[in-house]
Amino acid sequence: MSQQNIIDYWVEKAREDLASARDNLKSGRYQNAVRDAYFACFHAFSSVLLSEGKTSKKHKEVRSVLHRDFVRTKKIDSVWGKHYDWLFDNRHKADYRPLTQFDLVQVKEIVEGSEAFVKEMAGLLNNLK
């Protein structure tokens, strides 16, 4: 499988994650929507990393690279680093902390922000070609 095939796979996976996040938001499954929004951003950014010949098996490492190689170098705006950080932290809460609650307005903003993040990563991918 070529590197481009894998990049395309991650981009498609990000789109599917966004669709799932929207569905979960509409159905009131806010924890699942947060998780799906996180994975949409993770998969979108993973495609960018791979386009630069980088990979990582650990989520924490991906987060570090986002900040070190993209936010600090101003390849992307710091707002995307903050968005990713919120998702990273709250995805863990949603998955592992009992009784974690999110509200409709908060999750709607996160899903919309994640859609914008994925779009931003797609634009970055196009610029890297």
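None of these values were measured; they are calculated from a predicted model.

The rules behind these values
- Residues numbered from 1 in each chain as written.
- Predicted model: local features only at pLDDT ≥ 70, side-chain atom pairs only at ≥ 80, totals over all residues.
- Heavy atoms only, no water.
- Helix = DSSP H or I, 4+ residues; strand = E, 2+ residues; numbered from the N terminus.
- Expected span 1.5 Å × (residues − 1).
- Buried < 20%, exposed > 50% of the residue type's maximum accessible area, 1.4 Å probe, protein only.
- Contact = heavy atoms within 4.5 Å.
- Salt bridge = Lys/Arg side-chain N within 4 Å of Asp/Glu carboxyl O.
- Axes fitted to C-alpha atoms, helices over the stretch in contact; angles between N-to-C directions.
- Parallel < 35°, antiparallel > 145°, perpendicular 65-115°, else oblique.
- Left-handed = near helix turned anticlockwise from the far one by under 90°.
- Nonpolar A, V, L, I, M, F, W, Y, C, P; charged D, E, K, R; others polar.
- Core = buried A, V, L, I, M, F, W, Y, C linked by side-chain atoms within 4.5 Å.

A. Broad picture of helix α5 (residues 104-128). A rise of 1.5 Å per residue sets the reference length of α5, with its 25 residues, at 36 Å; its end C-alpha atoms lie 36 Å apart and thus fit the reference within 8%. Within the span of α5, buried status applies to Val107, Ile110, Val111, Gly113, Ser114, Phe117, Val118, Met121, Leu124 and Leu125. Elements that come into contact with the buried residues of α5 comprise α1 (3-26), α2 (30-51), α3 (59-71) and α4 (78-96).

B. Local environment of the pattern of salt bridges. Taken as a whole, this structure holds 11 salt bridges when the rule is applied. Of the charged contacts in the structure, one is a salt bridge between Arg22 and Glu115, with a shortest N-O distance of 2.6 Å. Note that Arg22 is positioned in helix α1 and Glu115 in helix α5, a separation of 93 residues in sequence. It is possible to trace a salt-bridge network through shared partners that takes in Glu52, Lys54, Arg68, Asp69 and Lys75.

C. Focus on the packing of α1 against α5. Following both chains from N to C, one finds α1 and α5 inclined at 165 degrees, their axes separated by 10 Å at the closest point. Judged on the interaxial angle alone, α5 and α1 are roughly antiparallel. Viewed along their axes, α1 and α5 form a crossing whose handedness is left-handed. Judged by residue contacts, Ile7, Val11, Ala14, Leu18, Ala21, Arg22 and Leu25 of α1 engage Leu104, Val107, Lys108, Val111, Ser114, Glu115, Val118 and Leu125 from α5. A class-by-class count of the residues in the contact of α1 with α5 yields 11 nonpolar, 1 polar and 3 charged.

D. Local environment of the nonpolar core. Formed by 38 residues in total, the largest nonpolar core has its most connected members in Phe45, Phe70, Ile76, Tyr84, Phe117 and Met121. Put simply, the parts of the chain that give this core at least two residues each are α1, α2, α3, α4 and α5. For this core, the element with the highest residue contribution is α2, accounting for 12 residues. In this structure, Phe117 is in contact with Cys41, Phe45, Leu66, Trp80, His83 and Tyr84, ignoring residues within four places of it in sequence.

E. Highlighting unusual backbone geometry. Positive phi values are uncommon outside glycine, yet Lys74 reaches one of about 65 degrees. Within the element layout of this structure, Lys74 appears in the loop between α3 and α4. Here Lys74 falls in the exposed class, since its relative accessible area comes to 72%. Backbone geometry places Leu99, a non-glycine residue, at a positive phi of 65 degrees. Owing to a relative accessible area of 78%, Leu99 belongs among the exposed residues under this scheme.

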